[in-house]
Amino acid sequence: MAKTEPNRVRVPVERAIRECRLYVEGKQTPGQANYATALKEIKELAAPSKSNFVLVTLEEPSEEQMLKVAKCYDVDELIVEDAVTAHQRAKLERYENQLFKVVRSVQYAGNKDLIDRRDLIQTGEVQMVISQKFIIVIAHDTDLPDPEVRLHQAPELRSAGPMAIAWAITDYLVDEYTRISEALEDRVDSLEEEVFTLRAETNIENIYTLKREILEMRHAIGPLIPALRALIDNHKDLTTKHVRAFFRDVLDHAMLAKDKIDSFDERLSSLIQASSAIISLRQNQDMRTISSIIGMAAPPTMIAGVYGMNFDNIPELHWEYGYYYCLLLNLAVILLMWWWFKRKNWL
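Residues numbered from 1 in each chain as written. Predicted model: local features only at pLDDT ≥ 70, side-chain atom pairs only at ≥ 80, totals over all residues. Heavy atoms only, no water.

1. Things to note about the pairing of strand 4 (residues 91-95)
In regular strands, side chains alternate between the two faces of the sheet.
Thought 1: Note that strand 4 and strand 5 (residues 98-108) share five bridges and pair antiparallel. Its bridge partner being in strand 5, Lys91 is matched across the sheet by Val102.
Thought 2: Here strand 4 folds back onto strand 5 in antiparallel fashion, the turn holding two residues, of which Glu96 has a positive phi close to 55°. (Pairing = 2+ DSSP bridges. Helix = DSSP H or I, 4+ residues; strand = E, 2+ residues; numbered from the N terminus.)

Below, the structure is given as structure tokens:
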């Protein structure tokens, strides 16, 4: 008898929607809108304008939920497939009049010891479907910033439409790269001081762990730079000169963060080499110390072996003070060898 698959639980799309907002003349209207009727509502509220648009924010939607949203906004099915799949590299793709943009988010858990906390750098993903009438933002394993905070600092961008939201989110995420790179610099400086401090114990595992986490951050930042360049240079029909200027500033910050992270990776590679050399030198010193101790033990063993032989004619065995002579000879040889090894810095 064939097994029947249980009915799959259908989760309403509203469960994945964090917010659905209407923007009229670049300003957010009060209250939440219905994702299915938001485009119709925006047409009824105001005349068609680039600064009138819909913002839909989703958190880790399922394929079924994403398909429902895509149907309402006429999103390309290839975008839907990418939007459901997390762990993508930063990129920018165009589908007719829609842009699909991926930016990796980075969180820094810097107050834990590296040995106890393996996930020093945690990455998430923010995806954006950008059109002239709407922007859909999808978050995977990350918290989304409030774009209103950035737009309040740059009110002249409110007339740019959905691209203003894309800039606000991207600018926040890139600023996080800069902030985290500055925090990581303190860790790298601390490790350098630890490695090159005389007599300090170096835990090379800390360096390997930090290098691995910085490598993950490089994978997050690196692909974003060509994606931002493509947005600025190749899609001028979807962006204004003013918006491109703001994205160019974001690109500069991303490049600065990338340069810092690259320099950290090189410094950590040098620290690994230096730590390995220091560990090797210390092992050699330990071996010399062990060899010196063994060497000092050899002459007394040899002397005791000579006088322990079973020959009948060993004159010293019949001396009145022969025992004390043997002890003094052993002590003299040991002290002489200790002085010699000490002079050669073997002890």
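Read on for the rest.
2. Examining helix 6 (residues 204-221)
Thought 1: In this model helix 6 runs 26 Å from its N-terminal to its C-terminal C-alpha over 18 residues, within 8% of the 26 Å that 1.5 Å per residue would give.
Thought 2: Taken together, the buried positions of helix 6 are occupied by Ile204, Asn206, Ile207, Thr209, Leu210, Glu213, Ile214, Met217, Ala220 and Ile221.
Thought 3: Looking at the buried residues of helix 6, the elements they touch are strand 5, strand 6 (121-130), helix 5 (162-196), helix 7 (224-234) and helix 8 (241-307). (Expected span 1.5 Å × (residues − 1). Buried < 20%, exposed > 50% of the residue type's maximum accessible area, 1.4 Å probe, protein only. Contact = heavy atoms within 4.5 Å.)

3. Observations concerning the environment of Arg10
Thought 1: Relative to the assigned elements, Arg10 resides in the segment before strand 1 (17-24).
Thought 2: Residues Arg10 and Ser62, spaced 52 residues apart in sequence, show a C-alpha to C-alpha distance of 10.0 Å.

4. Considering the pattern of salt bridges
Thought 1: Counted under the stated rule, the structure contains 17 salt bridges.
Thought 2: A salt bridge links Arg179 to Glu176, with the nearest nitrogen and oxygen atoms 3.0 Å apart. Here Arg179 pairs with Glu176, and both are found in helix 5, just three residues apart, close to one helical turn.
Thought 3: The partner of Glu185 in a salt bridge is Lys260, and the shortest N-O contact between them spans 3.7 Å. Of this pair, Glu185 sits in helix 5 while Lys260 sits in helix 8, placing them 75 residues apart in sequence. (Salt bridge = Lys/Arg side-chain N within 4 Å of Asp/Glu carboxyl O.)

5. Focus on empty space enclosed by the protein
Thought 1: Here the structure, examined in full by the defined rule, presents one cavity of 30 Å³ or more.
Thought 2: A volume near 50 Å³ is recorded for the largest cavity.
Thought 3: Along its surface, the largest cavity is lined by Arg18, Glu19, Leu55, Thr57, Val137, Leu144, Pro145, Pro147 and Ile169.
Thought 4: If you list the elements that add at least two residues to the lining of the largest cavity, you get strand 1 and strand 3 (53-59).
Thought 5: For the lining of the largest cavity, the per-class residue count stands at six nonpolar, one polar and two charged. (1 Å grid on protein atoms, 1.4 Å probe; cavity = no way out; pocket = protein on both sides within 12 Å on 5 of 7 lines; lining within 4 Å. Points joined across faces, edges and corners; volume = space filled by probe spheres on them. Nonpolar A, V, L, I, M, F, W, Y, C, P; charged D, E, K, R; others polar.)

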